[in-house]
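Architecture and fold: a report
Spelled out, the chains give:
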Amino acid sequence: MSDGKRARADWTAGEAAIVYQCCAACGARQYFHRSFCAACGAPDPVEHRASGDGTVYATTMVCRAATPETRAHVPYTIILVDAAEGFRMMAHGDSDLAIGDRVTARYRRFAGRLVPHFSRLFQG
Amino acid sequence: MLATVFAEHFGIRPAYAHAVQVGGATGLAMTMLAHHLVEAGIARHVLVVGGENRLTGQSRDASILALAQVGHPDYEVPLGPTIPAYYGLVASRYMHEYGVTEPDLAEFAVLMRKHALARPGAQFHDPITVADVMNSKPVALPLKLLDCCPVSDGGAAFVVSRERTGETGVRIRGCAQAHTHQHVTAAPALSELGAEIAIARAKAVSGVALSDVRYAAIYDSFTITLAMLLEDLGLAGRGEAAAQVRSGYFDRDGAMPLNTHGGLLSYGHCGVGGAMAHLVETHLQMTGRADRRQVRDASIGLLHGDGGVLSSHVSMFLERVR
C-alpha cells in the first residue's frame with residue numbers, strides 16, 4: 001500500500017540502500033514509505049538513507065519456502081533488525097546471528113532481487 | 001467467501017449479508033458482529049458460517065504461497081518469508097525475553113493432539129510426544145512441522161439469535177477487539193500486543209473476571225501462538241504456560257480445560273472455519289453435548305481469536321443460561 005513519489009531509491013527498487021522517513025513535525029521514524037507521517041498525519045516526511053547498522057531483534061531460519069525461486073536458497077535466515085536510526089526492518093542475515101547481535105547491512109541477490117543481508121559487526 | 005456466493009448456492013435470500021476479513025480472527029469477529037446485530041434489533045437470527053477446502057481445493061504450495069502474501073508486498077514478501085517465518089520471528093523474540101524453550105512449545109502440540117484423539121472429525125488421530133515434535137522437520141526455526149497447524153478442509157456454522165432457541169442456551173456476555181498492526185515488521189513490543197488490550201476491554205464490557213472462566217478456547221495456529229496468547233490473556237504467568245500444560249492444568253479434567261477438540265494444531269485449520277470450530281466445541285461443552293470429552297463445568301467460557309501475525313484480536317466471554 002505504498003503511495004507518493006520516492007525521493008531516494010532503496011533496495012525495494014533495486015538500489016543497494018536502506019531508506020527510511022522522518023517526520024519534520026513530530027520526529028517519528030517510519031520504514032514503510034508513505035506520503036504522510038503515520039504517527040501524526042503531517043505530510044511529506046523527509047527521506048534519509050540509513051547507515052545500515054543495527055541490532056538483531058528476532059530471527060528465524062526458513063527451511064520450507066513458498067516458491068520455486070525461494071526454494072533454491074533454502075535454508076535462509078530472515079531477521080528483524082532495529083536500525084541505529086530508530087526504525088525496525090525485515091531482512092536476511094547470516095545463519096549464526098542471535099538476538100542482540102550488533103550487525104551491519106550488505107546486499108545479496110535473492111530470488112532475482114537485491115535484498116539487504118546483515119552480518120555481525122567486526123568487533124576489533 | 002462472498003456471503004452472496006454462499007447464499008446463492010444454498011438458495012437463500014438474506015435481508016442482510018456480507019463477508020468479514022480479519023484473518024484468523026474473522027470467525028469471532030463475525031460472531032461479535034452478529035451479536036451486536038441481534039442486540040440492536042437489525043436481525044432476529046444471523047447465520048455465521050465459514051468453510052474452505054484448503055487441503056484438497058488447492059495445492060499445498062498454492063496454500064503456502066497464498067498465505068505468504070499476508071506480508072508487506074514491498075518490504076517483506078521479496079525476502080521470501082512464509083507464515084511460519086513470521087511466527088518464527090515472534091517465537092524467537094518471545095523465547096528470548098521469557099526463557100521459553102523449544103520443548104516447552106512442543107508441550108502445546110502434544111496437548112492438542114491428545115485432545116484431538118477424542119474428537120470425531122479431527123484431522124489427526126495418532127498420539128505424539130515432545131520428542132516427536134522436536135524431531136519433526138524444520139519449517140521456520142524455531143518452529144518445526146508439529147509446531148504448525150495443518151492445512152485442512154472443513155467448515156463450521158452457527159446461528160446467533162435474539163432469543164434463546166434451546167433448553168440450555170449460551171449467551172454472549174461481552175466481547176471486544178484490538179488491532180495494533182498488520183505486518184510483523186510494524187508490530188509493537190511483546191508487552192503491547194493486542195490480546196492484552198482486547199481481553200481488558202472484554203472484561204470491562206462483560207463484568208466477567210478471569211477467575212470466573214471454566215473453559216478456554218484459544219487460537220493456536222502455532223504452538224507459540226497458543227503459548228503467547230495464554231500468557232497475554234492472563235491464563236498463565238509469563239513463561240509459565242508450558243509448565244501448566246505439563247501439570248495437567250489445561251487437560252479435559254484440569255482446572256482450565258483448553259481446546260478440547262484439538263485446536264487448529266490437531267483438529268485442523270481450514271481458514272475462517274478453523275477458529276470457528278473453537279466456538280462450536282465451546283458450545284458443545286457449555287450445553288453438555290461433548291460426549292466423552294465433556295468437562296465438569298463449562299459455565300463460563302473465554303474465546304480468543306488472532307488474525308494476521310498477532311495483528312487482530314477478538315476476546316469473547318460466553319455464559320451458559322438455563
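Below, the structure is looked at part by part.

**Examining the side chain of Thr185 of chain B**
Inspection of the secondary structure assignment puts Thr185 of chain B in the loop between strand 5 (169-179) and helix 7 (194-206). Of the polar contacts made by the side chain of Thr185 of chain B, one reaches the side chain of Glu76 of chain B; its length is 2.5 Å. Beyond its immediate sequence surroundings of up to four residues, Thr185 of chain B is in contact with Tyr31, Phe32, Leu80, Arg88, Met89 and Met90 of chain A together with Glu76 of chain B.

**Some thoughts on the interface of chain A and chain B**
Each partner contributes residues to the interface: chain A has 37 residues there, and chain B has 35 residues. Of the roughly 2800 Å² buried at the junction of chain A and chain B (both faces included), carbon and sulfur atoms supply 64%. Taken together, chain A and chain B are joined by zero salt bridges. Between chain A and chain B we count 11 residue pairs in polar contact (both at pLDDT 80 or more) in total. The set of elements that each furnish at least two residues to the side of chain A that touches chain B consists of strand 4 (53-62), helix 1 (68-71), strand 5 (76-83), strand 6 (88-93) and strand 8 (113-120) of chain A. For the side of chain A that touches chain B, the element with the most residues is strand 4 of chain A, which contributes seven residues. Its residues assigned to classes, the side of chain A that touches chain B shows 23 nonpolar, eight polar and six charged. As judged from the two bridges shared by strand 4 of chain A and strand 2 (residues 138-141) of chain B, these two strands associate in the antiparallel manner. Opposite Val62 of chain A, over in strand 2 of chain B, you have Ala140 of chain B as the bridge partner.

**Concerning the side chain of Arg113 of chain B**
Residues and elements named next belong to chain B. By secondary structure assignment, the location of Arg113 is in helix 5 (residues 102-116). The side chain of Arg113 sits in the buried core without any salt bridge; Asp126 is the nearest counter-charge, 5.8 Å away. A distance of 2.9 Å separates a polar atom in the side chain of Arg113 from the backbone oxygen of Asp126. Those residues in contact with Arg113 that lie beyond four places of it in its chain are Phe124, Asp126, Pro127, Ile128, Leu146 and Ser266.

**Let's talk about unusual backbone geometry**
Following Val74 of chain A, the chain continues to Pro75 of chain A via a peptide bond in cis, the omega torsion being -5°. Note that Pro75 of chain A resides in the loop between helix 1 and strand 5. Of note, the bond from Leu141 of chain B into Pro142 of chain B is cis; its omega dihedral lies within 30 degrees of zero at 15°. On the secondary structure map, Pro142 of chain B appears in the loop between strand 2 and strand 3 (143-144). For Asp44 of chain A, which is not a glycine, the phi torsion comes out positive at approximately 55°. Mapped onto the fold, Asp44 of chain A is located in the loop between strand 2 (29-30) and strand 3 (46-49). Looking at Asp44 of chain A, the relative accessible area reads 59%, which means it is exposed.

**Observations regarding the pattern of salt bridges**
Applying the stated criterion across every chain yields a total of 18 salt bridges over all chains. In this structure, the salt-bridge partner of Arg88 of chain A is Asp82 of chain A, at a minimum N-O distance of 2.6 Å. Lys144 of chain B serves as the salt-bridge partner of Glu102 of chain B, at 2.5 Å between the closest nitrogen and oxygen. A residue pair is termed long-range when its members are at least 10 positions apart, and Glu102 of chain B in helix 5 and Lys144 of chain B in strand 3 qualify at 42 residues. Given a relative accessible area of 27%, Glu102 of chain B falls into the partly exposed group. Classification of Lys144 of chain B by relative accessible area gives buried; the value is 5%. In the salt-bridge network here, residues are joined through shared partners; they are Asp96, Asp101 and Arg120 of chain A.

**Some words on the sheet that holds strand 1 (residues 19-22) of chain A**
All names here are of chain A. Strand order in the open sheet made by the three strands is 2-1-3, with antiparallel pairing throughout. Looking at strand neighbours, the two that pair on one side only are strand 2 and strand 3, the edges of this open sheet. Inspection of the sheet shows strand 1 paired to strand 3 by four bridges, in the antiparallel sense. Note that in strand 3 the partner of Gln21 across the bridge is Glu47.

**Some details on the packing of helix 7 of chain B against helix 8 (residues 223-233) of chain B**
All names here are of chain B. One can describe the packing of helix 7 onto helix 8 by two numbers: an axis separation of 8 Å at closest approach and a directional angle of 45°. Judged on the interaxial angle alone, helix 8 and helix 7 are oblique. Handedness of the helix 7/helix 8 crossing: right-handed. Touching Ala195, Glu196 and Ile199 of helix 7 are Leu229, Asp232 and Leu233, all from helix 8.

**Quick notes on the packing of helix 5 of chain B against helix 8 of chain B**
Residues and elements named next belong to chain B. The N-to-C vectors of helix 5 and helix 8 enclose an angle of 100°; their axes lie 8 Å apart at closest approach. It follows from the interaxial angle that helix 5 and helix 8 lie roughly perpendicular. Contacts between helix 5 and helix 8 involve Leu105, Phe108, Ala109 and Met112 from the former and Thr223, Ile224, Leu226, Ala227 and Leu230 from the latter. Tallied by class, residues from the contact of helix 5 with helix 8 come to eight nonpolar, one polar and no charged.

**Let's talk about the packing of aromatic side chains**
For the coordinates displayed, the defined rule picks out 10 aromatic pairs over all chains. Seen in terms of ring centroids, Tyr31 of chain A and Phe32 of chain A are 6.1 Å apart; in terms of plane orientation they differ by 40°. Their pairing is tilted. For the pair Tyr31 of chain A and Phe32 of chain A, one class covers both residues: buried. Seen in terms of ring centroids, Tyr76 of chain A and Phe110 of chain A are 4.8 Å apart; in terms of plane orientation they differ by 65°. Their pairing is edge-to-face. Of this pair, Tyr76 of chain A sits in strand 5 while Phe110 of chain A sits in strand 7 (residues 102-110); the two residues are 34 residues apart in sequence, bridging distant segments of the chain. By relative accessible area, which is 6% here, Tyr76 of chain A ends up buried. Overall, the relative accessible area of 3% leaves Phe110 of chain A in the buried class. Every member of this aromatic cluster is reached through a ring pair, and the members are Tyr20, Tyr31, Phe32 and Phe87 of chain A together with Tyr75 of chain B. The ring centre of Tyr57 of chain A lies 3.5 Å from the NZ or CZ of Arg88 of chain A, which sits over that ring. Between Arg238 of chain B and the ring centre of Tyr98 of chain B, over which it is positioned, the NZ or CZ distance is 5.2 Å.

The rules behind the values
Residues numbered from 1 in each chain as written. Chains lettered and ligands numbered in written order. Predicted model: local features only at pLDDT ≥ 70, side-chain atom pairs only at ≥ 80, totals over all residues. Heavy atoms only, no water. Helix = DSSP H or I, 4+ residues; strand = E, 2+ residues; numbered from the N terminus. Polar contact = N/O pair within 3.5 Å; in protein donor to acceptor, adjacent residues only side chain to side chain. Contact = heavy atoms within 4.5 Å. Buried area = accessible area lost by both parts, 1.4 Å probe. Salt bridge = Lys/Arg side-chain N within 4 Å of Asp/Glu carboxyl O. Nonpolar A, V, L, I, M, F, W, Y, C, P; charged D, E, K, R; others polar. Pairing = 2+ DSSP bridges. Buried < 20%, exposed > 50% of the residue type's maximum accessible area, 1.4 Å probe, protein only. Lys, Arg positive; Asp, Glu negative; His and termini not counted. Axes fitted to C-alpha atoms, helices over the stretch in contact; angles between N-to-C directions. Parallel < 35°, antiparallel > 145°, perpendicular 65-115°, else oblique. Left-handed = near helix turned anticlockwise from the far one by under 90°. Phe/Tyr/Trp six-rings, centres within 6.5 Å; stacked < 30°, edge-to-face > 60°. Lys NZ or Arg CZ within 6 Å of the ring centre and 35° of its normal.

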